[in-house]
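The lines below spell out each chain.
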Amino acid sequence: MNRWIGVFREALETLDRIGAESVVHQARAEMTPIQVVDQVVVPALEQIGRAWETGDVALSQVYMSGRICEELVDQVLPPSDPDRKHQPRSAIVVLCDYHMLGKRIVHSQMRASGFELFDYGRMDVDELVERALADEIRVLLISVLMLPSALKVKQVCARLKAAGAPIRIAVGGAPFLFDDRLWQEVGADAMGRNAAEAVTLVEGWMREME
């Protein structure tokens, strides 16, 4: 296990923002910014989430840990490369959920890798379909936390396909990790297990669309 995860998790659980920031800065001396996010921040948050499920931490700790990490991710990941132009239009969204951290991490990492994409924030099915069609989106990344939200992806995929939109849809989030066939059942084109996979996936799609 990465040696930074435990101490970072402890800082988060005690709501020690300064301590958490210190851990991140120390880890950056040994790792790239993206590695810090994928190998320190995300695993620590996953552990805290499991600890909440077993009753070992309070929901307030989970919430505040997420808020602290959102701020740190913005600091750690660099801005996008301004020279990357003429990419197929892309967007990222949280569908019918209120948990924004996963989307924010993927969005930051996509931008750090040179991709420009619309950040739709949180939308329901109707809003998302309407916006994706209006913006002529070619690549759509959908993040969810809860199973009911994951199942709504099927409506999005069906309606965009019925409209004849030439769009690729990738999904991510806990429900798709628990059931590795769910992404196919809802009609998505792919599933990313983490931010790094999302970047690799979109890179491949972009090359095909050039």
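Residues numbered from 1 in each chain as written. Predicted model: local features only at pLDDT ≥ 70, side-chain atom pairs only at ≥ 80, totals over all residues. Heavy atoms only, no water.

**Some words on the overall build of the chain**
Phase 1: What the chain contains, in helices and strands, is 10 helices and five strands.
Phase 2: Scaling as 2.2 N^0.38, a compact globule of 210 residues should have a C-alpha radius of gyration of about 17 Å, and the chain matches this with 17 Å.
Phase 3: Summarising its shape, the C-alpha atoms of the chain cover approximately 50 × 40 × 25 Å along the three principal directions.
Phase 4: Put simply, 74% of the contacts in the chain that link residues at least 6 apart link residues at least 24 apart.
Phase 5: Here the chain displays about 10,900 Å² of accessible surface, and carbon together with sulfur accounts for 52% of that area.
Phase 6: In the chain, 23 side chains carry a positive charge and 31 a negative one; their mean positions are 3 Å apart. (Helix = DSSP H or I, 4+ residues; strand = E, 2+ residues; numbered from the N terminus. Rg over C-alpha atoms; globule rule 2.2 N^0.38 Å. Contact = heavy atoms within 4.5 Å. Areas by Shrake-Rupley, 256 points an atom, 1.4 Å probe, with all protein chains shown as cover. Lys, Arg positive; Asp, Glu negative; His and termini not counted. Charge placed at Lys NZ, Arg CZ, Asp CG, Glu CD.)

**Here's the deal with the packing of helix H1 (residues 3-13) against helix H3 (residues 33-53)**
Phase 1: One can describe the packing of H1 onto H3 by two numbers: an axis separation of 9 Å at closest approach and a directional angle of 55°. With respect to H3, the axis of H1 lies oblique. In the crossing of H1 with H3, the sense of the turn from one axis to the other is right-handed. Between H1 and H3, the residues in contact are Trp4, Ile5, Phe8, Arg9, Leu12 and Glu13 and Gln39, Val40, Val41, Pro43, Ala44, Leu45, Gln47, Ile48 and Ala51, respectively.
Phase 2: For the contact of H1 with H3, the class distribution of residues is 11 nonpolar, two polar and two charged. (Axes fitted to C-alpha atoms, helices over the stretch in contact; angles between N-to-C directions. Parallel < 35°, antiparallel > 145°, perpendicular 65-115°, else oblique. Left-handed = near helix turned anticlockwise from the far one by under 90°. Nonpolar A, V, L, I, M, F, W, Y, C, P; charged D, E, K, R; others polar.)

**Some details on unusual backbone geometry**
In most cases, non-glycine residues show a negative phi, while peptide bonds are predominantly trans.
Phase 1: One non-glycine residue, Leu15, lies in the positive phi region at around 60°.
Phase 2: Take Leu15: it is sitting in the loop between H1 and helix H2 (17-28).
Phase 3: Leu15 sits in the partly exposed class, given a relative accessible area of 42%.
Phase 4: For Glu136, which is not glycine, the phi torsion reads 55° and is therefore positive.
Phase 5: Looking at Glu136, the relative accessible area reads 59%, which means it is exposed. (Buried < 20%, exposed > 50% of the residue type's maximum accessible area, 1.4 Å probe, protein only.)

**Here's the deal with the packing of H1 against H2**
Phase 1: At a minimum axis distance of 8 Å, the contact between H1 and H2 shows a crossing angle of 160°. Between H1 and H2, the interaxial angle falls into the category roughly antiparallel. The two elements H1 and H2 meet at a crossing, and its hand is left-handed. From H1, Trp4, Val7, Phe8, Ala11 and Leu12 reach across to H2, where they touch Gly19, Ala20, Val23, Val24, Gln26 and Ala27.
Phase 2: Grouping the amino acids of the contact of H1 with H2 by side-chain chemistry returns nine nonpolar, two polar and no charged.

**Considering the environment of Val42**
Phase 1: For Val42, the position within the fold is in helix H3.
Phase 2: Measuring from C-alpha to C-alpha, the distance between Val42 and Ala195 comes to 9.6 Å, with 153 residues separating the pair along the chain.
Phase 3: Residue contacts for Val42: discarding those within four places in its chain leaves Val37 and Ile105.

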